[in-house]
Amino acid sequence: MIIMIRKKRFLRAAGVLTAAVVLGAGIFTASGVLQEKSLNTAADGNWGLSFQEAGKPPVANASMDYLKKFDAYYAEDTDKKELFLTFDAGYENGHTAKILDTLKKHNVKATFFVVGNFIETSPDLVKRMVKEGHLVGNHTFTHPDMSEIATEEAFHQELSKLEDLYEKTTGKKMKKYYRPPQGKYSESNLKMAKEMGYHTIFWSLAYVDWYESDQPTREEALEKMVPRIHPGAIVLLHSTSATNAQVLDELLTQWEEKGYSFKRVDQLP
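Just so it is clear, the structure is predicted and the values come from calculations on it, not from any experiment. (Residues numbered from 1 in each chain as written. Predicted model: local features only at pLDDT ≥ 70, side-chain atom pairs only at ≥ 80, totals over all residues. Heavy atoms only, no water.)

**Thoughts on the nonpolar core**
Here is the rule: Among buried residues, those of type Ala, Val, Leu, Ile, Met, Phe, Trp, Tyr and Cys that are joined through side-chain atoms within 4.5 Å constitute a nonpolar core. A simple rule labels every residue: compare its accessible area, found with a 1.4 Å probe on the protein chains alone, to the largest value its type can have, and call it buried under 20%, exposed over 50%, or partly exposed in between. Working definition: helices are DSSP H or I runs of at least four residues, strands are E runs of at least two. Numbering for both runs from the N terminus.
Core analysis: the biggest nonpolar cluster contains 52 residues, and Leu85, Leu103, Val235 and Trp255 have the highest contact counts within it. A per-element tally of this core places helix H9 (residues 242–257) first, with six residues. The next biggest cluster of nonpolar side chains, apart from the first, holds 26 residues, and it includes Leu49, Ala75, Ile201 and Val265.

If you want it as structure tokens, here you go:
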């Protein structure tokens, strides 16, 4: 099966905020390569996914059992129709308030992975997330390629600086849930995160939603996100996406009509 991709999206893969997004029978990685269904299980590199069967968890480049050794997840191993909705918030561009309004309308509690810049520029939004029952997770202070960080000191600094800023802003301790920027990771990263008491959270469902000037249409978003939902899914959306803010109400409704309930990632087993 051949997947057609708009050329400018394919060529602009450098600097993306998410490492891999499913496209039909292949995966699109941060290096801009469309891969076939088969994936290796390397413990280092970019997070990648491949859907083999509709309604089932995708195959990832690290298994659930492997990740459990490091208190890490990309999905819950369950047959129950529940999902874990997460947002990566690298900066604020005017869409987060509407996303929060929609979550409140549906009484859905989500997880927001934030960076230092987001807390510094949008403290009121972070406080609102906490007040309305959402979990705020650690997406690092400066959003670096964590797979290139080899020392415990540098790794610890990226996470602890964000913890300190969050506590200063909200008056609360940050719960220890971490998402590596761009999904770039190494086995040593997983070990260091676990030693700091963190759960590393990848994802099992996402789509290309992060290009601010080249947003997907409503139809493209629903086509990617509705049929591929599966029990135990950890869903990744970007709060910077105008499309996500527009379609979230409809997306949540369609998932609810399929019988899904919603959890925060701190409710993973």
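**Some thoughts on the pattern of salt bridges**
Condition: Just to be clear on terms, a salt bridge is a Lys or Arg side-chain nitrogen sitting within 4 Å of an Asp or Glu carboxyl oxygen.
Counted under the stated rule, the structure contains 13 salt bridges. Two residues, Lys184 and Asp145, come together in a salt bridge whose shortest N-O distance is 3.9 Å. Residue Lys184 is located in strand S12 (residues 184–185), and its partner Asp145 is located in the loop between strand S10 (135–138) and helix H6 (152–170); the two are separated by 39 residues in the primary sequence. Looking at Asp145, the relative accessible area reads 19%, which means it is buried. Between Lys176 and Glu163 there is a salt bridge, and its shortest N-O distance comes to 3.1 Å. Of the two residues, Lys176 sits in the loop between H6 and strand S11 (177–178) while Glu163 sits in helix H6, which places them 13 residues apart along the sequence. Relative accessible area serves as the criterion here: at 16%, Glu163 is assigned to the buried category. Sharing partners across several salt bridges, the network here consists of Asp101, Arg128 and Glu132.

**Some words on the confidence of the model for the protein**
Formally: Per residue, pLDDT captures the predictor's confidence, and it can take any value from 0 to 100. It only takes one pair of heavy atoms within 4.5 Å for two residues to be counted as in contact.
For the protein, the average pLDDT comes to 87, and 84% of its residues sit at 70 or higher. Of the regions scoring below 50 in pLDDT, residues 1–42 engages in 107 contacts with residues more than four places distant in sequence or in other chains.

**Things to note about the packing of helix H8 (residues 218–225) against H9**
Stated formally: With axes taken as lines fitted to C-alpha atoms, and helix axes fitted only over the stretch in contact, angles between N-to-C directions fall between 0 and 180 degrees. Any angle that is under 35 degrees is reported as roughly parallel, and any over 145 degrees as roughly antiparallel; angles of 65 to 115 degrees are reported as roughly perpendicular and all others as oblique. Helix crossings get a hand from a simple test, with the near helix turned counterclockwise from the far one by less than a right angle marking a left-handed crossing and a clockwise turn marking a right-handed one.
Their axes nearest at 10 Å, the elements H8 and H9 cross at an angle of 40°. It follows from the interaxial angle that H8 and H9 lie oblique. Seen from above, H8 lies across H9 with right-handed handedness. From H8, Arg218, Ala221, Leu222 and Met225 reach across to H9, where they touch Thr243, Gln246, Val247, Glu250, Leu251, Gln254 and Trp255.

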